[in-house]
Amino acid sequence: MVEEGMKAPEFTLLNAREEEVSLGDYAGTWLVLYFYPKDSTSGCTREALDFSDLKGEFAKRGARVVGISPDSPASHRSFIEKENLAISLLSDPEKKVLRAYGAWGIKKNYGKEYEGVVRSTFIISPEGEVKGVWRNVRVRSKRKTCEVLHAATVLEKLETLIS
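The present account deals with the structure reproduced in this document. Bear in mind the structure is a predicted one, so any value in this text is a computation, not a measurement. (Residues numbered from 1 in each chain as written. Predicted model: local features only at pLDDT ≥ 70, side-chain atom pairs only at ≥ 80, totals over all residues. Heavy atoms only, no water.)

### A word on the side chain of threonine 29
Then, in step 1: Structurally, the position occupied by threonine 29 is in the loop between β2 (20-22) and β3 (30-35).
Then, in step 2: The class for threonine 29 is buried, based on a relative accessible area of 18%.
Then, in step 3: Only 2.7 Å separates the side chain of threonine 29 from the backbone oxygen of glycine 62, close enough to count as a polar contact.
Then, in step 4: The residues touching threonine 29, leaving out its near neighbours within four places in the chain, are Gly62, Ala63, Arg64, Ile124, Ser125 and Pro126. (Helix = DSSP H or I, 4+ residues; strand = E, 2+ residues; numbered from the N terminus. Buried < 20%, exposed > 50% of the residue type's maximum accessible area, 1.4 Å probe, protein only. Polar contact = N/O pair within 3.5 Å; in protein donor to acceptor, adjacent residues only side chain to side chain. Contact = heavy atoms within 4.5 Å.)

### Comments concerning the pattern of salt bridges
Then, in step 1: Scanning the model with the defined rule gives 10 salt bridges in all.
Then, in step 2: Between glutamate 57 and lysine 60 there is a salt bridge, with the nearest N and O atoms lying 3.1 Å from each other. Linking glutamate 57 with lysine 60, this pair stays in helix α2 (residues 55-60), spanning three residues, or about one helical turn.
Then, in step 3: Given the relative accessible area of 28%, glutamate 57 is considered partly exposed.
Then, in step 4: Between glutamate 159 and arginine 61 there is a salt bridge, and its shortest N-O distance comes to 2.6 Å. Taken together, the residues glutamate 159 in helix α5 (residues 150-162) and arginine 61 in the loop between α2 and β4 (63-69) connect sequence positions 98 residues apart.
Then, in step 5: A residue is classified by how much of its surface remains accessible, and glutamate 159, at 32% relative accessible area, is partly exposed. (Salt bridge = Lys/Arg side-chain N within 4 Å of Asp/Glu carboxyl O.)

### Notes on the packing of aromatic side chains
Then, in step 1: The tally for this structure, following the rule as stated, stands at seven aromatic pairs.
Then, in step 2: Judged by centre distance (5.9 Å) and plane angle (45°), the ring pair of phenylalanine 51 and phenylalanine 58 falls under tilted.
Then, in step 3: Look at phenylalanine 51 and you get buried, because its relative accessible area is 0%.
Then, in step 4: Accessibility expressed as a relative area gives 0% for phenylalanine 58, which makes it buried.
Then, in step 5: Three or more aromatic residues link up through ring pairs in this structure, and these residues are Tyr34, Tyr36, Phe51, Phe58 and Phe79.
Then, in step 6: Here the guanidinium or amino end of lysine 95 rests over the ring plane of tryptophan 104, the centre of that ring lying 5.1 Å away. (Phe/Tyr/Trp six-rings, centres within 6.5 Å; stacked < 30°, edge-to-face > 60°. Lys NZ or Arg CZ within 6 Å of the ring centre and 35° of its normal.)

In structure tokens form, the structure reads like this:
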């Protein structure tokens, strides 16, 4: 399981345009890598939109945002077009990268256990070191006075890392 301080596991996956994208393509830049279960579902759509809305803020800090799920490049293409997403999505149908990052595992729902994507986010430094880890992510958390977006929490952590 990937933890802070570790070297980020290498990967090469297809994006929505069916082009190969590797971790090495992001060398020299900060990378926010998030794993999500399924395109066009309510929580995954909110998360993708939240990261898309903050893309400019991440970019100002020298960071790129990339989502990974088991969905196909064609599914990603449709999701990006339908929701007008501003982030890149990568396809991991064999779940190799999901497993390497510890984002695939046993989940429970209504008392039943099954394997699935464990919603997770990682901040990777320009040198390829994992600097931030979130597991079992809640896309939005309600507080007494507001709603906290996971994407905003990740942005705040990034700010502390670069300052």
